[in-house]
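# Coordinates in review
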Amino acid sequence: MFDVLIRDWDAHLAHEKRRSDHTRRAYIATAERFCGFLAHHRGGAVDARMLKGLTPNDLRSYLADRRADGLGNASAARELSALRSFLRFVGGSNASVPQMRGPRVKKGLPRPVAPAEAMQLAQDVEDNAREAWVGARDFALLLLLYGAGLRIGEALSLTGAALPLGETLRITGKRGKTRIVPILPAVAAAVARYVAACPWSMGKDAPLFVGARGGPLQPGVVRASVRQARRALGLPERTTPHALRHSFATHLLAGGADLRSLQELLGHGSLASTQIYTAVDAAHLLDVYRSAHPRAG
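A quick note: this is a predicted structure, and the numbers were derived from the prediction, not measured.

Let's shift gears to the packing of helix 6 (residues 115-127) against helix 10 (residues 219-233). As a packed pair, helix 6 and helix 10 sit with axes 9 Å apart at the nearest point and diverge in direction by 115°. With respect to helix 10, the axis of helix 6 lies roughly perpendicular. In terms of crossing hand, the pair formed by helix 6 and helix 10 is right-handed. Facing Gln 120, Leu 121, Asp 124 and Val 125 of helix 6, the residues of helix 10 in contact are Ser 225, Val 226, Ala 229, Arg 230, Ala 232 and Leu 233. Grouping the amino acids of the contact of helix 6 with helix 10 by side-chain chemistry returns six nonpolar, two polar and two charged.

Shown next, in the form of C-alpha cells:
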C-alpha cells in the first residue's frame, strides 16, 4: 500500500535529506493527494510498481485535477517538484521520472526571490543531482549565497582553511577587499553535511567546493543546475545564483538593516552600489500594497 511508501519517504526526508518539518508536511501531503488521485485515475492498488510505470500524462491529469480546485501556477510547480522527488525515491537510483515542463509563473514587478522560493530552489537542485554528495554540495553552496550574501566567485574561492565554519567567515571580494560575514547555523550545518559526504579530501589549500573529478567547481555547472530547477519549479528567469545575493540584501534592508551595514556585508566599494536595494525594496512594497489595499486597484 502507498501509505508504507509515504511513511518510508517521510523518514528519508527527515533523516537523510534533513528537511524541515514544514517542508516534510508539504511534501507528504502532496504525495498522499497524488496517490489518492491515482487510485481513482488508474484503478487498483497504488504500489511501487505502478508508480515506477507512470507517464507524463498521469502527472498532467493530476495537475489538471488540482487546478480544478483552484491551484495556482506557483503552487502547481511546487507540487510537481515534490512529486518528482517522491517518484525518484520510490524508483531508487535508476529511477526514470516522467519529464514535463512546470507551469509558467506570471511575471510581475521585479522583486527578490522569496525565502520559500530560495529554499525550494536549493532543495530541487539537490534532489536532481546524480550523486548524493553532489546534491549536498549544491544545496550548501546555494544556502551560502542566500544566507551570507556571497558572490558565486567568492564562495567558489573558499578553501578547506575555512573549515569548520563558525559564526563568521572572512571573505575576499573584488579588488582584494576583505570583509567579515555572519554564518547562520543552518548554513554551517549544510556545509558540514556536504564535507562529510564529499569523497575528495579537504586540505587547507584545496577548494572547498569541488567538481565531480575533485577539481575546482566551475560556476557554469552551478548555473546550469539552477536553470534546470527554476524551470521545473516555474520560477522566473531572474532566479539565478546571483539573485540569491540580491535577495539576501533586500530582505536585510526590509528587516531594518541600515545601508552602511549592508554595504559592509556585501563588500561594496561605494554606498551608491548599495542604494539600488532601496529601489528594489520599494518595488516589492508597492507590489504588496497593490495586492492588499482595497482601493489600490
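Now for the pattern of salt bridges. Applying the stated criterion to the full structure yields eight salt bridges. The closest approach of N and O atoms between Arg 33 and Glu 79, which form a salt bridge, is 2.6 Å. Here Arg 33, found in helix 2 (residues 21-41), pairs with Glu 79, found in helix 5 (residues 73-91); they are 46 residues apart in sequence, far enough to count as distant. A relative accessible area of 33% places Arg 33 in the partly exposed class.

The next subject is the nonpolar core. Nonpolar side chains in soluble globular proteins generally cluster together in the buried interior. Core analysis: the largest hydrophobic core is formed by 45 residues, its most contacted members being Leu 142, Leu 144, Leu 150, Leu 169, Ile 183, Tyr 194 and Phe 209. For this core, the secondary structure elements donating two or more residues are helix 6, helix 7 (132-148), helix 8 (152-156), strand 1 (168-172), helix 9 (185-197), helix 10 and helix 11 (241-254). Counting residues per element, this core draws most heavily on helix 7, which supplies 12 residues. Ranked by size, the runner-up nonpolar core spans 28 residues in total, among them Leu 54, Ala 82, Leu 83 and Met 100.

All right, on to the pairing of strand 2 (residues 178-182) then. Side chains Arg 179 and Val 181 project from strand 2 onto a buried face, and the interleaved Thr 178, Ile 180 and Pro 182 project onto a face without burial. Both strand 1 and strand 2 contribute to a ladder of five bridges, which runs antiparallel. Bridge pairing in strand 2 links Ile 171 to Arg 179. Counting the residues that bridge the hairpin from strand 1 to strand 2 gives five residues, and of these Arg 175 lies at a positive phi of roughly 55°.

Note on placement: Ser 85 falls in helix 5. In this view, Ser 85 contacts Trp 9, Tyr 27 and Asp 127; residues no more than four positions away in its chain are not counted.

It is worth spelling out the side chain of Arg 179 at this point. Tracing the sequence through the fold places Arg 179 in strand 2. Look at Arg 179 and you get buried, because its relative accessible area is 5%. Within polar-contact distance, the side chain of Arg 179 engages the side chain of Glu 154 at 2.8 Å.

Moving on to the packing of helix 6 against helix 7. Relative orientation of the contacting elements helix 6 and helix 7 amounts to 160°, with a least axis distance of 7 Å. Between helix 6 and helix 7, the interaxial angle falls into the category roughly antiparallel. Like other packed secondary-structure pairs, helix 6 and helix 7 cross with a definite hand, here right-handed. Across the interface between the two elements, Pro 115, Ala 118, Met 119, Ala 122, Gln 123, Val 125 and Glu 126 of helix 6 pack against Gly 135, Ala 136, Asp 138, Phe 139, Leu 142, Leu 143 and Tyr 146 of helix 7. Looking at side-chain class alone, the contact of helix 6 with helix 7 contains 10 nonpolar, two polar and two charged residues.

By the secondary structure assignment, Tyr 194 is in helix 9. Residues Tyr 194 and Arg 137 lie 57 residues apart in sequence; the distance between their C-alpha atoms is 5.1 Å. Setting aside its immediate chain neighbours within four residues, Tyr 194 contacts Trp 133, Ala 136, Arg 137, Ala 140, Met 202, Leu 208, Phe 209 and Val 210.

Turning our eyes to something else, we now look at helix 9. Taking 1.5 Å of rise per residue, 13 residues should cover 18 Å, and helix 9 covers 18 Å from first to last C-alpha, within 8% of that figure. Within helix 9 the residues assigned to the buried category are Val 187, Ala 188, Ala 190, Val 191, Arg 193 and Tyr 194. As for helix 9, its buried residues are in contact with helix 6 and helix 7.

What counts and how
- Residues numbered from 1 in each chain as written.
- Predicted model: local features only at pLDDT ≥ 70, side-chain atom pairs only at ≥ 80, totals over all residues.
- Heavy atoms only, no water.
- Axes fitted to C-alpha atoms, helices over the stretch in contact; angles between N-to-C directions.
- Helix = DSSP H or I, 4+ residues; strand = E, 2+ residues; numbered from the N terminus.
- Parallel < 35°, antiparallel > 145°, perpendicular 65-115°, else oblique.
- Left-handed = near helix turned anticlockwise from the far one by under 90°.
- Contact = heavy atoms within 4.5 Å.
- Nonpolar A, V, L, I, M, F, W, Y, C, P; charged D, E, K, R; others polar.
- Salt bridge = Lys/Arg side-chain N within 4 Å of Asp/Glu carboxyl O.
- Buried < 20%, exposed > 50% of the residue type's maximum accessible area, 1.4 Å probe, protein only.
- Core = buried A, V, L, I, M, F, W, Y, C linked by side-chain atoms within 4.5 Å.
- Pairing = 2+ DSSP bridges.
- Polar contact = N/O pair within 3.5 Å; in protein donor to acceptor, adjacent residues only side chain to side chain.
- Expected span 1.5 Å × (residues − 1).

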